[in-house]
Amino acid sequence: MSSDMQVFKLPDLGEGLTEAELVNWLVAVGDEIVVDQPIAEVETAKSMVEVPSPYAGTVAQLHGEAGQTLDVGKPLISIARSGSSTGSPAAAPAPAAVPAGSVDPSPVSSGLEASPAVEAAAETYRTEEKAGSGNVLIGYGTPGGATGGRTRPRKASVGGVDSPVFASAPVAEPVMEPAVAGTRIPGKLSAVISPLVRKMARDHGVSLDAIEGSGASGLIMRRDVEAAISAPEAPAAPSVPAAAPSAPAAAVSGFAASADSGAVDSRTGLAVSARTPVRGVRKAVAANMTRSRTEIPEATVWVDVDATALLEMRAELKKRVPHETPGLLAFIARFVTAGLKKYPALNTRFETASDGTQEIVGFDGINLGFAAQTDRGLVVPSVRNAHRLSARELDAEIRRLTAVARDGKATPTELGSGTFTLNNYGVFGVDGSAAIINYPEVAMLGVGRIIDKPWVVNGELAVRKITELTLAFDHRVCDGETAAGFLRYVADAIENPGGALADM
């Protein structure tokens, strides 16, 4: 068994996921890499992330091809220690010296004598990773120090898994499989061991210096950063220009449709033209919708609403502050959060324990999800603590989350923490929908297109701006009276926005 070879296995990215699709290699066989250098882009059911290396050395083997789905815990990359004779492929030149600033790739290389408490913290961290606890976004990185850019430009694909790696070597013995792929000891050097936790904090403007870690020996866990993000004093999310609504893609990007030449479907007698693998976002959406339809006894109520006054109010605001006027969805979102405070049963979750006991779980706050169509499929980012935000603040956060979702950069927390969903399918030119509730939530409000329709106003027929609101709800958590009351509250707020906002 070679002690010069280090095998990095695909880590659990922190959401209990069991697989990920390898989108792109950022390194190639023969490259010199440093600790924390991104080595691959992978797509999970939640988002696209860059995976950093826990080791420094020479890339010896890539255990997969772009487009391949890899299981968590399976080898991702093999890295030879710098200076070892086994690390260089036969066709590649001798590896260069480790770049300045890189660190010793040995499993523990802090350069300091570890105290018993620090050793215990590291062991706890390793144990959690083995168990797949999900307590941290596991990036298997170092707590700091080593930095380095890519040694090669990105490539769409690199050689397959069957390509020979050591031409002059005899039959390869099993390479060393460390108990954990990143064992930098937390404590003396830093309270953060995962680069993805650091990235989460950086993306949300959270200072890690101000966080007291809840892990062993003060290790900052994912939950600590999430708590800081959701804290009342957390800085407001920056506003970005609006992303134009996009029409649904004919086929989800990244799904390789392959023709099945010559095959005939036994049921229809027609030739099979393509087979599209279900994976990534589409796979997660399919599983979630199936579970929703299977478990939730949903009911639906709807109502037509005169939105003329809301459109007129927004037009007046736009004249006064053209660059700071919230969009219509932000105003409706504000009405929804006020309605959920009045009808909290729709902002709950229905849980069944392993022993069969059931509970309705209420929340002290509202994380408002909204459906966003992206090239990768339908996703539902959520505005955390939406009940604390004004219409203008909601507008800024909706725009920000829409942009990061369409870029594939939304974090698992941003995509999986909603308590109620607002779905504006009117942008697709439809009036209503028999929506599927976003499991494990218990309700979803849909908003149709706004069009001119004849409407009776003060006993006279007039042309007004009409939209349809549709509420799908879990009948286990409330009855029709509650659902209708909430829907009527939102409808009345849209029809009389000035009065509604004055009371909020």
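Residues numbered from 1 in each chain as written. Predicted model: local features only at pLDDT ≥ 70, side-chain atom pairs only at ≥ 80, totals over all residues. Heavy atoms only, no water.

K.L.:
Any chance you could explain unusual backbone geometry here in plain terms?
P.N.:
What is expected of a backbone is that most residues other than glycine have negative phi and most peptide bonds are trans. Here the residue pair Tyr-439 and Pro-440 is connected by a cis peptide bond, since its omega of 10 degrees sits within 30 degrees of zero. Looking at the secondary structure, you find Pro-440 in the loop between strand E16 (420-423) and strand E17 (443-447). With phi around 75 degrees, Asp-36 is a residue other than glycine that occupies positive phi space. Within the secondary structure layout, Asp-36 lies in the loop between strand E3 (32-33) and strand E4 (38-43). Relative accessible area serves as the criterion here: at 16%, Asp-36 is assigned to the buried category. Of note in the backbone geometry, Asn-385 takes a positive phi value of approximately 55 degrees without being a glycine. (Helix = DSSP H or I, 4+ residues; strand = E, 2+ residues; numbered from the N terminus. Buried < 20%, exposed > 50% of the residue type's maximum accessible area, 1.4 Å probe, protein only.)

K.L.:
Looking at this structure, how should I read the sheet that holds E3?
P.N.:
By way of backbone hydrogen bonds, the strands of a sheet pair with one another, either parallel or antiparallel. Read from one edge to the other, the open sheet built from four strands follows the order E1-E8-E6-E3, with strand pairing classed as antiparallel. At either margin of the open sheet sits one strand with a lone partner, and together these are strand E1 (5-9) and E3. As paired strands, strand E6 (residues 57-62) and strand E8 (residues 75-80) are joined by four bridges and run antiparallel to one another. If you follow Leu-62 over to E8, its bridge partner there is Ile-77. (Pairing = 2+ DSSP bridges.)

K.L.:
Sorry if this is basic, but what is going on with the environment of Thr-325 here?
P.N.:
Looking at where Thr-325 falls in the secondary structure, it is placed in the loop between helix H5 (308-320) and helix H6 (328-342). Residue classification places Thr-325 among the buried residues on the basis of a relative accessible area of 6%. Separated by eleven residues in the primary sequence, Thr-325 and Arg-314 have C-alpha atoms spaced 7.2 Å apart. Within the local environment of Thr-325, its side chain forms a polar contact with the backbone nitrogen of Lys-318, the two atoms lying 3.5 Å apart. (Polar contact = N/O pair within 3.5 Å; in protein donor to acceptor, adjacent residues only side chain to side chain.)

K.L.:
Can you help me understand the confidence of the model for the protein chain in this one?
P.N.:
Should pLDDT be low for a region, the predicted coordinates there are not to be read in detail. Considering every residue of the protein chain, the mean pLDDT works out to 76; 68% of them sit at 70 or more. This stretch, residues 121-190, has a pLDDT under 50; its non-local contacts, to residues over four places away or in other chains, come to 167 contacts. Note that pLDDT drops below 50 for residues 234-256; the model gives that stretch 39 contacts with residues more than four away or on any other chain. (pLDDT = per-residue confidence, 0-100. Contact = heavy atoms within 4.5 Å.)

K.L.:
In this structure, what is going on with the side chain of Glu-32? I would like to understand it.
P.N.:
Relative to the assigned elements, Glu-32 resides in strand E3. Taking the relative accessible area as the measure of exposure, Glu-32 reaches 10% and is therefore buried. Only 2.6 Å separates the side chain of Glu-32 from the side chain of Thr-58, close enough to count as a polar contact.

K.L.:
What exactly am I supposed to notice about the pairing of E8 here?
P.N.:
Along any regular strand the residues' side chains alternate between the sheet's two faces. Within E8, five of the six residues are buried, which leaves it mostly tucked inside the rest of the structure. Inspection of the sheet shows E1 paired to E8 by five bridges, in the antiparallel sense. Counted as the bridge partner of Val-7 is Ser-78 from E8.

K.L.:
Explain the packing of H6 against helix H7 (residues 391-406) here, please?
P.N.:
Think of two packed helices as two axes; the pair is described by the angle between the axes and how far apart they sit. With their axes 8 Å apart at the nearest point, H6 and H7 run at an angle of 120 degrees to one another. Compared by their axis directions, H6 and H7 come out oblique. Two packed elements cross with a definite hand, and for H6 against H7 that hand is right-handed. For the pair H6 and H7, the contacting residues are Leu-329, Ala-330, Phe-331, Ala-333 and Arg-334 in the first and Ala-391, Leu-394, Asp-395 and Ile-398 in the second. Looking at the contact of H6 with H7, its residues break down into seven nonpolar, no polar and two charged. (Axes fitted to C-alpha atoms, helices over the stretch in contact; angles between N-to-C directions. Parallel < 35°, antiparallel > 145°, perpendicular 65-115°, else oblique. Left-handed = near helix turned anticlockwise from the far one by under 90°. Nonpolar A, V, L, I, M, F, W, Y, C, P; charged D, E, K, R; others polar.)

K.L.:
How should I be thinking about the packing of aromatic side chains in this particular structure?
P.N.:
For any two aromatic rings, the description comes down to two numbers: the centre-to-centre distance and the angle of the planes. Counted by the stated rule, this structure contains one aromatic pair. The lysine or arginine in question, Arg-476, covers the ring of Phe-350, its NZ or CZ lying 3.9 Å from the ring centre. (Phe/Tyr/Trp six-rings, centres within 6.5 Å; stacked < 30°, edge-to-face > 60°. Lys NZ or Arg CZ within 6 Å of the ring centre and 35° of its normal.)

K.L.:
Help me understand the pattern of salt bridges in this model?
P.N.:
Two side chains of opposite charge can pair, provided their charged atoms sit close to one another. In this structure the tally under the stated criterion is 14 salt bridges. Residues Glu-298 and Arg-293 are paired through a salt bridge, measuring 2.2 Å at the closest nitrogen-oxygen approach. Given the relative accessible area of 43%, Arg-293 is considered partly exposed. Arg-488 is the salt-bridge partner of Glu-495, the closest N and O atoms lying 3.5 Å from each other. By sharing partners, the salt bridges in this structure join Glu-397, Arg-400 and Glu-414 into a single network. (Salt bridge = Lys/Arg side-chain N within 4 Å of Asp/Glu carboxyl O.)

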